[in-house]
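# Overview (structure and organization)
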Amino acid sequence: QVQLVESGGGSVQAGGSLKLTCAASGRAFSTYAMGWFRQAPGKEREFVAAISAVGGRSYYVDSVKGRFTISRDHAKNTVYLQMNSLKPEDTAAYYCAARIRDPYLNTASREYDYWGQGTQVTVSS
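Report follows, based on the coordinates. These numbers were taken from a predicted model, which means no experiment stands behind them.

### Quick notes on the pairing of strand β8 (residues 78-83)
Each regular strand carries side chains that alternate between the two faces of the sheet. In terms of burial, β8 is largely enclosed, as five of its six residues are buried. Looking at chain direction, strand β3 (residues 18-25) and β8 are connected through six bridges and run antiparallel. Residue pairing for β8: C22 is matched across the bridge by V79. Across six bridges, the pairing between strand β7 (residues 68-73) and β8 is antiparallel. Paired with S71 across the two strands is Y80, which belongs to β8. In sequence, β7 turns back onto β8 through a hairpin of four residues, with N77 there showing a positive phi of about 50°.

### Points about unusual backbone geometry
Although it is not a glycine, N77 adopts a positive phi angle of roughly 50°. Inspection of the secondary structure puts N77 in the loop between β7 and β8. Positive phi outside glycine occurs at S85, with the angle close to 50°. Inspection of the secondary structure assignment puts S85 in the loop between β8 and β9 (92-99).

### What to know about the pattern of salt bridges
Taken as a whole, this structure holds eight salt bridges when the rule is applied. Here E46 and R38 are joined by a salt bridge, their closest N and O atoms 2.7 Å apart. Overall, E46 belongs to the partly exposed group, its relative accessible area being 30%. The partner of D90 in a salt bridge is R67, with the nearest N and O atoms 2.7 Å apart. On the criterion of sequence distance, the pair formed by D90 in the loop between β8 and β9 and R67 in the loop between β6 (58-60) and β7 is long-range, its members being 23 residues apart. Taking relative accessible area as the criterion, D90 reaches 1% and is therefore assigned buried. One continuous salt-bridge network, built from bridges that share partners, spans R99, R101, D102, E111 and D113.

Definitions and limits used
- Residues numbered from 1 in each chain as written.
- Predicted model: local features only at pLDDT ≥ 70, side-chain atom pairs only at ≥ 80, totals over all residues.
- Heavy atoms only, no water.
- Buried < 20%, exposed > 50% of the residue type's maximum accessible area, 1.4 Å probe, protein only.
- Helix = DSSP H or I, 4+ residues; strand = E, 2+ residues; numbered from the N terminus.
- Pairing = 2+ DSSP bridges.
- Salt bridge = Lys/Arg side-chain N within 4 Å of Asp/Glu carboxyl O.

Written out as structure tokens, the structure is:
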């Protein structure tokens, strides 16, 4: 079992920054990959970024490349999503997810085993 708790969401103006945090517990954090997804009202859940268990390999959806950075701190059992140059189209509920079946990152939500409760990000123009 893995428990995930997100924080750091909020409301910002376009061009601003936010840093999301996801605290994990319940299983050795260094053994599983982590991902961030988002879901806007009326839309399907969308992959945003993922990071492997070790080695720090990361991957991003094209729309956030160069603006968002995913990172993880094994000492704190935490994964982060630094979001810069935010745009109104980034408005969504953001969810972190844990993939415990293997240490490799993946972009498909069905490949993740545990999910946090979500944190809302609202970007105004």
